[in-house]
Amino acid sequence: MFETLIKLHDAGYKLALVTNKPGVFVPEIMEQHKIDHLFVEVIGGEDFPTRKPDPIALNWLLEKYELSADEMLMVGDSKNDILAAKNANCPSFALTYGYNHGEPISDSKPDFIADELAELLDILSISK
């Protein structure tokens with residue numbers, strides 16, 4: 001995961017983390033994993049009045065960074081991530097592992113499905 005995030009960052013992608021979990025713990029966890037410097041935004045579950053699958057956080061990012069929905073890619077491992085992307089009209093990249101209450105992530109119909117985050121580099125044509 002670390003190498004993939006570095007390659008995305010170095011290729012000029014703006015990375016943001018949007019979680020439904022309390023955001024107060026996220027910066028410390030990111031710092032422990034030495035990835036905090038790679039992200040331009042960290043949005044916790046309490047930062048907006050509603051949480052994913054509501055697209056409010058994604059729409060805020062689109063507006064702040066002056067992006068169109070097709071310039072954003074939501075990477076996630078849960079139905080709420082994929083639904084948030086659909087609700088924001090942006091494409092989604094789903095990982096088959098993670099937090100999805102035992103449901104296959106394919107049931108959410110993401111645009112891309114992968115077993116490893118590194119597969120994102122192929123989709124974005126970034127050399128590994």
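Located above this text is the structure these notes cover.
Just so we're clear, the structure is a prediction, and the values are computed from it rather than from any experiment.

(A) Region of the structure containing a nonpolar patch on the surface. Together, Val24, Phe25 and Ile29 line one region of the surface with nonpolar side chains, adding up to about 320 Å² of accessible area. A residue is classified by how much of its surface remains accessible, and Val24, at 62% relative accessible area, is exposed.

(B) Structural detail: the pairing of strand E2 (residues 39-43). Here four bridges tie strand E1 (residues 15-18) to E2, and the two strands are oriented parallel to one another. Within E2, the position partnered with Leu17 by the bridge is Val42. Following the backbone out of E1, through helix H2 (residues 26-32) and into the adjacent parallel E2, one traces a crossover that is right-handed.

(C) Representation of the environment of Asn100. In this structure, Asn100 sits in the loop between strand E4 (92-95) and strand E5 (112-114). Owing to a relative accessible area of 8%, Asn100 belongs among the buried residues under this scheme. Put simply, Asn100 and Gly76 are 24 residues apart on the chain and 9.9 Å apart in space, counted from C-alpha to C-alpha. Residues within four places of Asn100 in sequence aside, it is in contact with Asp77, Ser78, Lys79 and Ile105.

(D) Inspection of the environment of Asn89 at higher detail. As for its position among the elements, Asn89 is in the loop between helix H4 (79-87) and E4. Asn89 sits in the exposed class, given a relative accessible area of 64%.

(E) Structural context of the sheet that holds E4. If you trace the three strands from one edge of the open sheet to the other, you get E3-E4-E5, paired in parallel fashion. The sheet is open, and its two borders are formed by strand E3 (74-76) and E5, each paired with just one other strand. The average angle at which neighbouring strand axes cross in this sheet is 15 degrees, direction not considered. Pairing of E3 with E4 involves three bridges; the strand directions are parallel. Opposite Met74, over in E4, you have Ser92 as the bridge partner.

(F) Representation of unusual backbone geometry. Note that the residue after Lys52, namely Pro53, is joined by a cis bond; omega there is 20 degrees. Of note, Pro53 is situated in the loop between E2 and helix H3 (56-64). Non-glycine residue Lys34 carries a positive phi angle of around 60 degrees. Given a relative accessible area of 57%, Lys34 falls into the exposed group.

Each value, and the rule that gives it
Residues numbered from 1 in each chain as written. Predicted model: local features only at pLDDT ≥ 70, side-chain atom pairs only at ≥ 80, totals over all residues. Heavy atoms only, no water. Patch = residues over 30% accessible without salt bridge, like charges linked within 9 Å, V, L, I, M, F, W, Y side chains within 5 Å. Areas by Shrake-Rupley, 256 points an atom, 1.4 Å probe, with all protein chains shown as cover. Salt bridge = Lys/Arg side-chain N within 4 Å of Asp/Glu carboxyl O. Buried < 20%, exposed > 50% of the residue type's maximum accessible area, 1.4 Å probe, protein only. Pairing = 2+ DSSP bridges. Helix = DSSP H or I, 4+ residues; strand = E, 2+ residues; numbered from the N terminus. Right-handed = clockwise from strand over helix to strand, strands pointing away. Contact = heavy atoms within 4.5 Å. Axes fitted to C-alpha atoms, helices over the stretch in contact; angles between N-to-C directions.

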